[in-house]
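# Coordinate inspection notes
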Amino acid sequence: MADASAGGGGSLQVRRSALRQAAEQAGQISQAVAVLAADVPAACSPAAAAHPGWRFGGALLALVPAWERHLRGQSSAVSAAGGKLARSADTYAGVENDLVARAQAIYARPAG
């Protein structure tokens, strides 16, 4: 866990494991939404066919491409957010490792 100054004298505690878990969950959500996007035509076709002669059926099918685009966009956005969370965890780990290495180098120097 990192504890960094928040600029105003406060502190910010970072749990890298929570960032990594959130990144993993974002990936899972992104994949699930991508599957939904791929399933839109199959889900809408029976509903449209169940209403022959109704304007609803044609309108529903006309919306399929828009829903596919929307869901693919949401999937991409969630995936990108997960990637940013994972990179943040990596950055915090790198900073902590650098600080530890610097402190060890300072304490390893002979006095005098």
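As a convention, each chain's residues are numbered from 1 in the sequence order in which they are written. Confidence filtering applies because this is a predicted model: local features only for residues at pLDDT of at least 70, side-chain atom pairs given and counted only at 80 or more, and all residues used for totals across whole chains, interfaces and linings. Only hydrogens and water are set aside when side-chain values are computed; all heavy atoms of the structure are taken into account.

### A word on the overall build of the protein
For the purposes of this entry, the term helix denotes a DSSP run of H or I that reaches at least four residues, the term strand denotes a run of E that reaches at least two, and both are numbered from the N terminus. From N to C terminus, the protein includes two helices and two strands. Going residue by residue from the N terminus, the α and β elements of the protein occur as β-β-α-α. The dimensions of the protein, computed from C-alpha atoms along their principal axes, are 95 × 25 × 15 Å. Working definition: with a 1.4 Å probe on protein chains only, accessible area under 20% of the residue-type maximum means buried, over 50% means exposed, and in between means partly exposed. Residue burial in the protein is summarised as follows: out of 112 residues, 18% are buried. Whether two residues are in contact is decided by their heavy atoms, any of which lying within 4.5 Å being enough. Sequence separation of at least 24 residues holds for 62% of the intrachain contacts in the protein that already meet a minimum separation of 6. Throughout, the Shrake-Rupley method with a 1.4 Å probe supplies accessible areas, and for residues the shown protein chains are the sole cover considered. Total accessible area on the protein is roughly 8000 Å²; 60% of this is exposed by carbon and sulfur atoms. This count recognises Lys and Arg as positive and Asp and Glu as negative, with His and chain-terminal groups excluded. Here the site of a charge means atom NZ of a Lys, CZ of an Arg, CG of an Asp or CD of a Glu. Here the protein holds 10 positive side-chain charges and 7 negative ones, and the gap between their average locations is 6 Å.

### Section: the confidence of the model for the protein
For every residue, the pLDDT score states the predictor's confidence, bounded by 0 at the bottom and 100 at the top. Overall, the prediction assigns the protein a mean pLDDT of 89, with 91% of residues at 70 or greater. Helix α1 (residues 16-49) holds the highest mean pLDDT among the elements of the protein, 95, whereas strand β1 (residues 2-5) holds the lowest, 53.

### Considering the side chain of Ser75
Note on placement: Ser75 falls in helix α2 (residues 55-108). Pairs of N or O atoms are called polar contacts if they sit within 3.5 Å, as long as, within protein, a hydrogen donor faces a hydrogen acceptor (for residues adjacent in sequence, only side-chain-to-side-chain pairs). Among the polar contacts listed, one links the side chain of Ser75 to the backbone oxygen of Ser30, at a separation of 2.7 Å. Excluding residues that lie within four positions of it along the chain, Ser75 makes contacts with Ser30, Val33 and Ala34.

### A look at the environment of Leu12
Along the polypeptide, Leu12 turns up in strand β2 (residues 11-14). With 36 residues separating them in the primary sequence, Leu12 and Ala48 have C-alpha atoms 53 Å apart.

### Quick word on α2
Taking 1.5 Å per residue, 54 residues should reach 80 Å; α2 reaches 79 Å between its end C-alpha atoms and fits that length. The term bend refers to the angle at a residue between two fitted axes, each drawn through seven residues, those ending there and those starting there. Along α2, the largest kink reaches about 35° and is centred on Val64; proline Pro65 follows within four residues of it. Regarding α2, the residues found buried are Gly57, Leu60, Val64, Glu68, Leu71, Ser75, Gly82, Ala89 and Ala93. In the core, the buried residues of α2 are packed alongside α1. By this rule the span expected of a helix is its residue count minus one, scaled by 1.5 Å.

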